[in-house]
Amino acid sequence: MDNLQIPGESSSVPPSPSCSPSRNDCGIAPLTPSPSPGPAPRPRAARPFSVVVAIDFGTTSSGYAFSFTQDPETIHMMRRWEGGDPGVANQKSPTCLLLTPELRFHSFGFAARDSYHDLDPEEARHWLYFDKFKMKIHSISDLTMETELEAVSGRRVRAIEVFAHALRFFREHALKEVKDQSSSVLQENEVRWVITVPAVWRQPAKQFMREAAYLAGLVSPESPDQLLIALEPEAASIYCRKLRMHQVIDLSARPIANGTDVDGSRLFDSGFRQAREQLRKARHSRTFLVESGTGELWSEMQTGDRYMVVDCGGGTVDLTVHQIEQPQGTLKELYKASGGPYGAVGVDLAFEAMLCHIFGADFIESFKAKRPAAWVDLSIAFEARKRTAAPGRANAINISLPFSFIDFYKRHCGQSVETALRRSNMNIVKWSSQGMLRLTPEAMNELFQPTINNIVKHIEELMKKQEVQGVRFLFLVGGFAESPMLQQAVQGALGRSCRIIIPQDVGLTILKGAVLFGLDPTVVRVRRCPLTYGVGVLNRFVAGRHPRDKLLVKEGREWCTDILDRFVAADQSVALGEVVRRSYTPARPGQRKIIINIYCSATDDVVYITDPGVRKCGAITLDLPEAPVGTPATERREIRATMQFGDTEIKVTAVDVATNRSVRAAIDFLSN
């Protein structure tokens, strides 16, 4: 990177040194230091969007919904899907993708699952089947456009292409349905798209989803405002503002003892099942009406009251704490989003670990590689039975083992699965002569507890934070929130300190909230920054304040290298419309590009970019147009960059001060 000069120096003064002596990263000095975001109301251009389409891209299931901007109180859910499991409400589709051996798209959702199941075992080894692949994006620390995903069969393909295939599928289905319901001819630039991501995802993962959307053709990179990235618990919070009393289940209103109501008259989860049945009957219309203002649930809340949203999904659990601002009904985030990989997939992994204990890890790995479709069948069988687990359940849960599992085990190990089960000494799992594993209530409890304990522990730790004191409501949302096992654990641990509320359509809460966010992106007025962001600069060396190993002497001047010029601090409140401004100048005439490395840290007490926990996370690129004709070669150009940290994504714009023309500016977190 070329060096940048410091403000206030005459043109005869030597420019700032271009690099720290011991590093490859080049230092920069801001022209106009600005220690904190300053309020600069940002004009939001009114775009002629006719419809908002939201895609809830989940770890285990995905779906879309839409609303016409002329009728924003009506949300249309996606068409019901063909296929599915008995007893499972199929408003959303499994997040499963099937590619042909030539890497072409074949199918998504139930169709992908069923097609893969019907393939000949030998043929299936050449096809690429992906499920639960969203989790990989969260777990990869050095995510790039070249990151690869592994199919069930072991073949690898670029992750960006897998995500683009899935988003393209939703784009085609959603646009067809929107056009069917639209009374006028709809142009594609009239559609605003919203894609949901976990709040705990870092900037590279958010940018990755945006790049996948560009590749899928949802929007053009030239129209970035046509796509919004919504944070999942935030979307849920936006929808929860609209709830009426008959649309929620208040767990705190029903005292619980050992999985049953205190009077023992019904199982703990019967009220939830009843509500879900009412919802299933109402789903035939696929149209939901929302309140124009805030729902009556909020009439009990006063300005300043706090509430928490716990989004329990397939892959992650996301927590956000909001304050509702009356009378406008906007939201203020009180503590930076937190959470972790404690989703329902943890229960599936515990089941796989149990199978490894019984049948041997080597056999399970071999079975997954040689009979991938049968392994998927077994996973589906467990998923369907997992949903029936409840604290008060007295009888065992039966899970069918595919015939190919039983046969493959006998050939591979020379003994029956029944013998293996007996030798494992796992008394909480029995064998049924009908070819089923019988998981006792104790076994199911053992599978659920580690994941549930992680969730409860995380909520309890967050409740201790000073900023979170006084939370009155806790909204439990997401697909995993349907589990009576989780409901009882959260109510038992936290029911005395706040009211535990579950929306009846708990699995669709995020999807509906994402539509509302697309209709009004300004509804969350204040957010908390999850990390400290800044750039490395050179400042004048001050003896006694700066360490000697940071001293750089160039052309008679003493500089301190590697100082972090902070844009925004971790957990700092940043309002929508607040911006951070910095001015930079090219080091030499004719320079056409400035590249500025961005650093981040989870703490706010860092001083240097070499401090522990500080890492390079991205870069800002400023493309410089040619200087206007007649500009003296000695005249320094000032490029003013404006960064926005109050949205769900970090954005940057820039202008050439001399000409007042926009400078092409980009912020990249994926090319690290």
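The structure reproduced in this document is the subject of the present report.

What counts and how
Residues numbered from 1 in each chain as written. Predicted model: local features only at pLDDT ≥ 70, side-chain atom pairs only at ≥ 80, totals over all residues. Heavy atoms only, no water. Helix = DSSP H or I, 4+ residues; strand = E, 2+ residues; numbered from the N terminus. Buried < 20%, exposed > 50% of the residue type's maximum accessible area, 1.4 Å probe, protein only. Contact = heavy atoms within 4.5 Å. Areas by Shrake-Rupley, 256 points an atom, 1.4 Å probe, with all protein chains shown as cover. Pairing = 2+ DSSP bridges. Axes fitted to C-alpha atoms, helices over the stretch in contact; angles between N-to-C directions. Parallel < 35°, antiparallel > 145°, perpendicular 65-115°, else oblique. Left-handed = near helix turned anticlockwise from the far one by under 90°. Nonpolar A, V, L, I, M, F, W, Y, C, P; charged D, E, K, R; others polar. Expected span 1.5 Å × (residues − 1). Core = buried A, V, L, I, M, F, W, Y, C linked by side-chain atoms within 4.5 Å. Phe/Tyr/Trp six-rings, centres within 6.5 Å; stacked < 30°, edge-to-face > 60°. Salt bridge = Lys/Arg side-chain N within 4 Å of Asp/Glu carboxyl O.

As a further point, take the overall build of the protein. Secondary structure assignment for the protein yields 15 helices and 35 strands. Counting only residues that meet the buried cut, the protein has 55% of its 672 residues in that class. Considering only intrachain contacts with a sequence separation of at least 6, the fraction spanning at least 24 residues in the protein is 71%. Surface accessibility of the protein: about 28,400 Å² in total, with carbon and sulfur atoms responsible for 48%.

So, about the sheet that holds strand β23 (residues 471–477). Strand order in the open sheet formed by eight strands is β13-β24-β23-β17-β18-β19-β25-β29, with mixed pairing between adjacent strands. Taken across any chain shown, the strands that pair with only one partner, and hence form the sheet edges, are β13 (248–250) and β29 (573–575). When the angles between neighbouring strand axes are averaged without regard to direction, this sheet yields 25 degrees. Judged from the six bridges that link them, strand β17 (residues 306–312) and β23 form a sheet pairing that is parallel. From the neighbouring strand, Val-310 faces β23, where its bridge partner is Leu-476. Set on the sheet, helix α13 (residues 441–463) makes contact with β17, β18 (317–325), β19 (330–340) and β23; between it and β18 the angle comes to about 35 degrees.

To continue, consider the sheet that holds strand β6 (residues 96–99). Whether parallel or antiparallel, the strands of a sheet pair through hydrogen bonds between backbone atoms. With antiparallel pairing, the three strands of this open sheet are ordered in space as β7-β6-β8. Every other strand in the sheet has two partners, leaving β7 (105–108) and β8 (128–131) as the edge strands with one partner each. Averaged over all adjacent pairs, the angle separating strand axes in this sheet is 15 degrees, with direction ignored. Helix α4 (residues 159–181) rests against β6, β7 and β8 of the sheet, and its axis sits at about 65 degrees to β7.

To describe two helices that pack against each other, one gives the angle between their axes and the distance between the axes. Interhelical geometry of helix α1 (residues 110–118) versus helix α10 (residues 372–386) gives an angle of 130 degrees and a closest axis separation of 8 Å. Classified by the interaxial angle, the pair formed by α1 and α10 is oblique. The handedness of the crossing between α1 and α10 comes out as left-handed. Facing Arg-113, Tyr-116 and His-117 of α1, the residues of α10 in contact are Pro-372, Ala-373, Val-376, Asp-377 and Ile-380. Split into classes, the residues belonging to the contact of α1 with α10 amount to five nonpolar, one polar and two charged.

Another point: α10. For α10, which comprises 15 residues, the first-to-last C-alpha distance of 21 Å matches the rise-based estimate of 21 Å (1.5 Å per residue) to within 8%. Of all the positions in α10, only Pro-372, Ala-373, Ala-374, Trp-375, Val-376, Leu-378, Ile-380, Phe-382, Glu-383 and Lys-386 are classed as buried.

Bringing the side chain of His-546 into the picture now. The residue His-546 is located in the loop between β26 (532–540) and β27 (551–554) in this model. Once you skip the residues sitting within four places of it in the chain, His-546 turns out to touch Arg-540, Phe-541, Cys-560, Ile-563 and Tyr-608.

One finds Met-308, Phe-359, Leu-439 and Leu-474 to be the most contacted residues of the largest nonpolar core, which totals 95 residues. Excluding residues within four positions of it along the chain, Leu-439 makes contact with Phe-351, Phe-382, Ala-396, Ile-397, Ile-399, Ile-428, Val-429, Met-444 and Leu-447. The next biggest cluster of nonpolar side chains, apart from the first, holds 51 residues, and it includes Leu-149, Phe-170, Ala-205 and Tyr-214.

Turning our attention to the packing of aromatic side chains. One pass over the full model with this rule turns up 26 aromatic pairs. When the centroid spacing of 4.9 Å and the interplanar angle of 90 degrees are considered together, the rings of Phe-363 and Tyr-409 count as edge-to-face. Of this pair, Phe-363 sits in helix α9 (residues 361–370) while Tyr-409 sits in helix α11 (residues 403–413); the two residues are 46 residues apart in sequence, bridging distant segments of the chain. In this structure Phe-363 comes out as buried when scored by relative accessible area, which is 1%. On the numbers, 6.4 Å between centres and 25 degrees between planes, the contact of Phe-448 with Phe-480 is stacked.

Turning our attention to the pattern of salt bridges. Under the counting rule described, the total for this entry stands at 26 salt bridges. Arg-158 is the salt-bridge partner of Glu-161, the closest N and O atoms lying 3.0 Å from each other. Under the relative-accessibility criterion, Arg-158 is labelled partly exposed at 26%. In this structure, Lys-593 and Asp-623 form a salt bridge, with 2.9 Å as the shortest nitrogen-oxygen distance. Here the residue Lys-593 occupies a position in strand β31 (residues 593–601), and Asp-623 occupies one in strand β32 (residues 615–623), the gap between them amounting to 30 residues. The exposure class assigned to Asp-623 is partly exposed, which follows from its relative accessible area of 25%. One network of salt bridges, in which partners are shared, links Lys-132, Asp-348, Glu-383, Lys-386 and Arg-387.

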